[in-house]
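# Survey of secondary and tertiary structure
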Amino acid sequence: MRYRVGGDGWQRTFIAHTGPLGREWRVTDPDGEETSFRVEELEEGVLRLHLGDETHTITVLPGNSPGETVRFLIDDEPIELHVQDEIDLLQETLGDSAGASGRREILSVMPGIIRKLLVVEGQTIEVDSPLLLLEAMKMENEIRAPVAGKIVRLVAKAGETVAAGELLAIIDPEQAGRR
């Protein structure tokens, strides 16, 4: 999975691969350098990172929200980073452009299982409204609407497995104000 990470005037994109339980990680930076590490959860919000001979404690601070700056401590040293995941990057790439009909296709950005639908066909939604929960690599990802409008087609079904790039829903922004 791709992540863009930045802070204090810098920004880099990394490719991260994880084992099925999310404990073993392999991260490749833009220069092709690969780093492997192991993560263990000590308690909720507190992790121990094993990187070669080094061990670090990471404490996630309360109040972090998706798409916002992430605040945490590494060995009691405060760190703030802006982190964008695969979903954020795809939405940024697509921007607010719509297809020829004006309708927006919402595609799965990763393979996974639809755990829960949060909208119904015909429902009017706002920008950033949660559409569904997609489980990938043992993590639930909330898929949100990139535009306001009406759900004109809901293809996704709870319990279904989807591939990356598969159509999940279609939103018609021109029907944003109509009920």
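Heads up: these notes are all about the structure in this document. (Residues numbered from 1 in each chain as written. Predicted model: local features only at pLDDT ≥ 70, side-chain atom pairs only at ≥ 80, totals over all residues. Heavy atoms only, no water.)

### Observations regarding the overall build of the protein chain
From N to C terminus, the protein chain includes one helix and 16 strands. By the burial criterion, 35% of the 179 residues in the protein chain qualify as buried. Summed over all atoms, the accessible surface of the protein chain reaches about 10,900 Å², with 49% contributed by carbon and sulfur. (Helix = DSSP H or I, 4+ residues; strand = E, 2+ residues; numbered from the N terminus. Buried < 20%, exposed > 50% of the residue type's maximum accessible area, 1.4 Å probe, protein only. Areas by Shrake-Rupley, 256 points an atom, 1.4 Å probe, with all protein chains shown as cover.)

### Here we look at the nonpolar core
Across soluble globular proteins, nonpolar side chains show a tendency to be buried alongside one another. Ranked by size, the top nonpolar core spans 32 residues in total, and within it Ile114, Ile125, Leu131, Leu132, Leu134, Ile151 and Ile171 carry the most contacts. Elements supplying a minimum of two residues to this core: β1 (2–7), β2 (10–18), β4 (34–43), β12 (130–136), β14 (149–154) and β16 (167–172). Looking at this core element by element, the count peaks at four residues for β12. (Core = buried A, V, L, I, M, F, W, Y, C linked by side-chain atoms within 4.5 Å.)

### Quick look at the environment of Glu126
Inspection of the secondary structure puts Glu126 in the loop between β11 (124–125) and β12. Residues Glu126 and Val147, spaced 21 residues apart in sequence, show a C-alpha to C-alpha distance of 6.7 Å. Beyond its immediate sequence surroundings of up to four residues, Glu126 is in contact with Ala145, Val147 and Ala148. (Contact = heavy atoms within 4.5 Å.)

### Side note on unusual backbone geometry
Positioned with a positive phi, Asp8 is a non-glycine residue whose angle comes to about 50°. Structurally, Asp8 can be placed in the loop between β1 and β2. In this structure, Asp76 takes a positive phi of about 70° despite not being glycine. Mapped onto the elements, Asp76 comes out in the loop between β7 (69–74) and β8 (77–84). The exposed category is assigned to Asp76, whose relative accessible area is 65%.

### As for the pattern of salt bridges
In this structure the tally under the stated criterion is six salt bridges. Close ionic contact of Asp172 with Arg103 constitutes a salt bridge, the shortest N to O distance being 3.6 Å. One end of the pair, Asp172, is in strand β16; the other, Arg103, is in the loop between α1 (86–94) and β9 (104–107), with 69 residues separating them in the sequence. (Salt bridge = Lys/Arg side-chain N within 4 Å of Asp/Glu carboxyl O.)

### Some words on the sheet that holds β11
Taken in spatial order, the four strands of this open sheet run β9-β16-β14-β11, and their pairing is antiparallel. Both outer strands of the open sheet, β9 and β11, are each paired with one neighbouring strand and no more. In this sheet, β14 lies alongside β11 in antiparallel orientation, the contact comprising two bridges. Bridge pairing in β14 places Thr124 opposite Lys150. (Pairing = 2+ DSSP bridges.)

### So, the sheet that holds strand β13 (residues 139–144)
Two modes of strand pairing occur in sheets, parallel and antiparallel, and in both the strands are linked by backbone hydrogen bonds. Taken in spatial order, the four strands make up an open sheet running β13-β12-β10-β15, and their pairing is antiparallel. Strands with a single pairing partner mark the edges of an open sheet, and in this sheet they are β13 and β15 (161–162).

### Observations concerning the side chain of Asp29
Assignment of secondary structure puts Asp29 in the loop between β3 (24–28) and β4. One buried charged residue, Asp29, remains without a salt bridge, the closest side chain of opposite sign being Arg12 at 4.2 Å. Other than its neighbours up to four places away in sequence, Asp29 contacts Arg12, Thr13 and Phe14. (Lys, Arg positive; Asp, Glu negative; His and termini not counted.)

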